[in-house]
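# Observations on chain architecture
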Amino acid sequence: MSLTEKILSLKKEKKAIILAHNYQRPEIQDVADYVGDSIELSRKAMEEKDASIIVFAAVDFMAESAAILNPSKKVLLPSLGARCPMAQMLTVDEIKRWKVHYPDAPVVLYVNTLASAKAYCDICCTSANFVEVINSLDADTILFGPDRNLAEYAAEKTGKTLIPIPEWGFCPTHLLFQPEDVMVLRMKYPNAKVIVHPECSAEMRKIADFVGSTSKMCHYVKESEAQTFIVGTEVGLLHRLKKENPRKQFISAYKDAVCPNMKLTTLERLYDSLKHEKHLVKVPDNVARKARIALERMFAVNGLKR
Ligand code: SF4
């Protein structure tokens, strides 16, 4: 029996579901029940009724959100080391420090934050819904973290003043994309559309035909008449794009744009996690209660009340 077959049979036996982020390895995406971005996966975790175990093939903050939104389930993170460096960049102390300077500004946090930080914010957002979330607030000055690029892009899209907290937060993987690489690819593929994630730099956003979250990129590609796309996000998304659009061609804007944290989930670790029910994600009740309010406010903006 192959490892994939063993995982599938164990999954059935244990009444588990596997949720995988778009940046996971192809073989992990293929064994998952659902593949999506952070908001799609949070929604799935929130709505899941039948499974007793949710295996979250992603990084720490996403599994924490699943545990917060669905506290009656066992949420497992296959690799304990799968931590998002950007989420680690914003501490509770840093939020408190900025609140002293801007006591009236609401705090909006990208879901790419730890539960402890979410517990100190007014509302969460994702790269798919930040415009709606920010526009729902009756405030012109907003503390926004932890991604500085997303803060700048959100300010452009909403016309509001967004103060990035910390001042320098970034995703190391998305910073690898450079406009000069795209220029070279555009010479080779002159009819290609350039699609980039808002965690990329302003220079990358400027030269793109489309800027959006991974779910919005998938939608854009499906609807587009173009046949070739230069993709400015973690290379894992290309697997889903190719599967969903077998006749279209996808080229990474930088083929080494790999998130090493996302790639820590391997089939071996996934099997081990299911078999021994590890690593159980637990968020302290007092933190989970406050973080859940921030996440539910975000869903309410999107018309997704529980
Ligand atoms: S791609 Fe960037 S934001 Fe996403 S998990 Fe990796 S480091 Fe974190």
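Within each chain, residue numbers correspond to sequence positions counted from 1 in written order. A pLDDT threshold of at least 70 governs which residues receive local features in this predicted model, and a stricter bar of 80 or more applies before side-chain atom pairs are shown or counted, although totals over entire chains, interfaces and linings include all residues.

What the protein contains, in helices and strands, is 15 helices and 12 strands. Expected size for 306 residues packed as a compact globule is a radius of gyration near 19 Å; at 19 Å, the protein falls within 12% of this value. On the principal axes, the C-alpha backbone points of the protein span a range of 55 × 55 × 30 Å. When the 306 residues of the protein are sorted by exposure, 48% land in the buried category. We call two residues in contact when their backbone-placed C-beta atoms lie within 7 Å. Counting contacts in the protein only where the partners sit at least 6 residues apart, residues at least 24 apart contribute 65% of the total. What counts as a helix is a DSSP run of H or I of at least four residues, what counts as a strand is a run of E of at least two, and both are numbered from the N terminus. Each radius of gyration reported is based on C-alpha atoms, and the globular scaling rule is 2.2 Å times the count of residues to the power 0.38. Counting other C-beta atoms within 10 Å of a residue's C-beta gives its exposure: the residue is buried at 20 or more, exposed at 12 or fewer, and partly exposed in between, where C-beta atoms are placed from the backbone.

Looking now at the site of the ligand. Any residue whose backbone-placed C-beta atom lies within 6 Å of a molecule or strand is treated as near that molecule or strand. Surrounding the ligand, one finds 13 residues, the nearest of these being C84, M86, C171, T173 and C259. Charged means Asp, Glu, Lys or Arg here, nonpolar means Ala, Val, Leu, Ile, Met, Phe, Trp, Tyr, Cys or Pro, and polar covers whatever is left, Gly included. Classifying every residue of the shell around the ligand by side-chain character gives 9 nonpolar, 3 polar and 1 charged.

Turning our eyes to something else, we now look at the domain arrangement of the protein. For the protein, the domain assignment lists domain 1 (3-82 + 262-283), domain 2 (86-170 + 289-301) and domain 3 (174-252). The partner domain 3 presents 8 residues to the 11 residues of domain 1 that form the contact. Mapped by element, the contributors of at least two residues to the side of domain 1 that touches domain 3 are α2 (26-31) and β2 (34-36). For the side of domain 1 that touches domain 3, the residue count by class is 4 nonpolar, 4 polar and 3 charged. Here the limits of each domain have been adopted from an automatic or database domain assignment.

Of the pairings in the sheet, the one linking strand β9 (residues 193-196) to strand β11 (residues 228-232) comprises 4 bridges and is parallel in character. The partner of V194 across the bridge, within β11, is I230. For two strands to be treated as a pair, DSSP must find at least two bridges joining them. Pairing of β9 with strand β10 (residues 210-211), which is carried by 2 bridges, proceeds in the parallel orientation. Bridge pairing in β10 links V196 to V211.

Turning next to the sheet that holds strand β7 (residues 141-145). Taken together, the 4 strands give an open sheet; going across it, the order is β6-β5-β7-β8, and neighbouring strands pair in parallel fashion. Here the strands that pair on one side only, and so sit at the sheet edges, are β6 (123-125) and β8 (161-164). Direction aside, neighbouring strands of the sheet carry axes that sit 35 degrees apart on average. Interaxial angles span 0 to 180 degrees and are taken between N-to-C directions of axes, which are lines fitted to C-alpha atoms, for helices over the stretch in contact.

Right, let's talk about the nonpolar core for a bit. Taken as a class, soluble globular proteins show a tendency for nonpolar side chains to be buried jointly. Ranked by internal contacts, the top residues of the largest apolar core, which has 95 residues, are F56, A57 and V108. Looking at this core, the element that brings in the most residues is helix α4 (residues 60-69), giving 7 residues. Apart from residues no more than four positions distant in its own chain, F56 is found in contact with L19, M62, A63, A66, V75, L76 and L77. Connectivity within a nonpolar core runs through C-beta atoms within 7 Å, and the core itself is a set of buried Ala, Val, Leu, Ile, Met, Phe, Trp, Tyr and Cys residues.

Residue I165 is joined to P166 through a cis peptide bond whose omega torsion reads -10 degrees. Inspection of the secondary structure puts P166 in the loop between β8 and α10 (179-188). Here the residue pair K278 and H279 is connected by a cis peptide bond, since its omega of -5 degrees sits within 30 degrees of zero. In this fold, H279 is placed in the loop between α14 (267-276) and α15 (285-301). One non-glycine residue, K15, lies in the positive phi region at around 50 degrees. Counting through the fold element by element, K15 comes out in the loop between α1 (3-13) and β1 (16-21). Non-glycine residue E277 carries a positive phi angle of around 50 degrees. Looking at the element boundaries, E277 is found in the loop between α14 and α15. Looking at E277, the number of C-beta atoms within 10 Å reads 13, which means it is partly exposed.

Time to look at the pairing of strand β12 (residues 249-252). Within a regular strand, the side chains alternate between the two sheet faces. Summarising the sheet, β11 and β12 pair through 4 bridges and their orientation is parallel. Bridge assignment links I230 to a residue of β12, and that residue is I251. As for the winding sense of the linkage, the β-α-β connection from β11 through helix α13 (residues 237-244) to β12 is right-handed. Orient the strands so they point away from the viewer, and a crossover whose first-strand-to-second-strand path over the helix runs clockwise is right-handed.

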